[in-house]
Amino acid sequence: MPAKIDPFHAIAISRTAHRLAAEGRSVIHMEFGQPSTGAPAAAITTAHRVLDSDGMGYWESAPLKARIARHYAERYAVAIDPEQVVLTCGASPALVLALSCLFAPGDRVAFARPGYVAYRNTVKALYLEPVEIACGAAERFQITAAAIAQIEPAPQGLILASPGNPTGTIIAPDELAAIAAVCRARGIRIVSDEIYHGLSYVGGARSALQEAPDALVVNSFSKYFSMAGWRLGWLIVPPALIDAARARMGNLFLTPPSLAQHAGLVAFDCREELEGHVGTYARNRDLLLAALPALGLKRIAPPDGAFYLYADIAHLTDDSMGFCMQLLLDTGVATAPGIDFDPVEGHHFMRFSFAVSTDRIEEALRRIEPWFAAQASSVLPDAGLFPRAGKDL
């Protein structure tokens, strides 16, 4: 019997947004975690040159694998062999490879709720059993070692995301070490989604490999490198799983686009341009954090990293999908409903992506301020941001 896969509701929001734009409406896209900037200039220049000189074909770039391995040595002080790097067509196939390498149908895989919609649905599509761990304000919307220790029976796997989606919260270093220790003790394998590494506003995020060398790590050029449409990512696997991961990649996906691999190699050395994007996101974050409480959105998950704000709208609605759709129709500002990330509590949450230019954030605020004022039916006490962890990250 085919697995039942739930829809990605933000796609319906985006489809409507694009229809409105085609009809001549002005639309501001804050529904997807997709940078509005393009690939770094030097990467685009390289791509033009390659188009003129290389017929391309199925190919896996040895220089790019070596550069990714070097990145882990430089950023995290973790030594990996380039052969542990499997290049993929973005992070989504990397997640499929990781889960299918580690687990058999019926195995249980835990992850935080709220969390990225594809964790739940990819786990289900592979006939694994999702174990969603409710993570609220008390846990800073992140999974904890204590929560993992209490799951009975122990799951076979755990998906981590730090910074997380939809919240942007980062797991503190001591908590990450504790999570790794619990997983070792209970025989739980870790898949770490590190796609938002490089996008942090309170200190850097640690890689799971620093605490769990046998973890499988998913990453991509889509977020920090601003190359979502190039469909290029990677999976780091322990040596024992190299053959299994390569076999799955070759049979299911062949190779990532050759052009993207050439461009990705160059993008690694465009740090000044890329850090400029992070500076823009930081300004956008500050603008939203200053403005949203005045709109009545006073309970916001701590946006440590990534480029999201996850806000409680329980005082306004218990239908986040309808709420976000009406906001789009009335103002032209597209956002994401919380039900994508949390099928239980997400009915009264929404997510703003601030991966756009600052002038778009300013315009979005001008549009939504009177709209929220009109929607408000009650005023909650000023709760501010949910508390951050007590230790520096």
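The structure we're discussing is the one just above.
Quick summary incoming for the structure in this document. Here the structure is a predicted model, which means the values were calculated and not measured. (Residues numbered from 1 in each chain as written. Predicted model: local features only at pLDDT ≥ 70, side-chain atom pairs only at ≥ 80, totals over all residues. Heavy atoms only, no water.)

**Brief notes about the packing of aromatic side chains**
Put simply, the test is: Only Phe, Tyr and Trp rings take part, Trp by its six-membered ring, and two of them pair if their centres are within 6.5 Å. Stacked means planes under 30 degrees apart, edge-to-face means over 60, and tilted covers everything else. Starting at the N terminus, helices and strands are each numbered in turn, a helix being any DSSP run of H or I of at least four residues and a strand any DSSP run of E of at least two. The buried label goes to any residue with under 20% of its type's maximum accessible area, the exposed label to any with over 50%, and the partly exposed label to all in between, with areas taken from a 1.4 Å probe on protein chains only.
Scanning the model with the defined rule gives 23 aromatic pairs in all. Summarising the aromatic geometry, the rings of Phe8 and Phe32 are spaced 6.3 Å apart at their centres and angled 65° between planes, so their arrangement reads as edge-to-face. Of the two residues, Phe8 sits in the segment before α1 (9–22) while Phe32 sits in the loop between β1 (28–29) and α2 (41–53), which places them 24 residues apart along the sequence. With a relative accessible area of 26%, Phe8 lands in the partly exposed category. Measuring from centroid to centroid gives 5.5 Å for Tyr196 and Tyr308, while their planes differ by 80°, and the two rings are edge-to-face. In this pair, Tyr196 is assigned in the loop between β6 (189–193) and β7 (216–220) and Tyr308 in strand β9 (residues 308–312), connecting sequence segments 112 residues apart. By relative accessible area, which is 5% here, Tyr196 ends up buried. The buried category is assigned to Tyr308, whose relative accessible area is 1%. Put simply, the rings of Phe8, Phe32, Phe111, Tyr116 and Tyr119 touch in pairs and so form one group of aromatic residues.

**A short note on the pairing of β6**
Stated precisely, the cut-off is as follows: The rule for pairing is simple: two strands pair if DSSP sees at least two bridges between them. When the strands point away from the viewer and the path from the first strand over the helix to the second turns clockwise, the crossover is right-handed.
By the criterion of burial, β6 is predominantly enclosed, with four of the five residues buried. Here strand β5 (residues 157–161) pairs with β6 via five bridges, running parallel. Each residue of the ladder has a partner; that of Leu158, found in β6, is Ile190. As a crossover connection, the stretch from β5 through helix α7 (residues 173–186) into β6 is right-handed.

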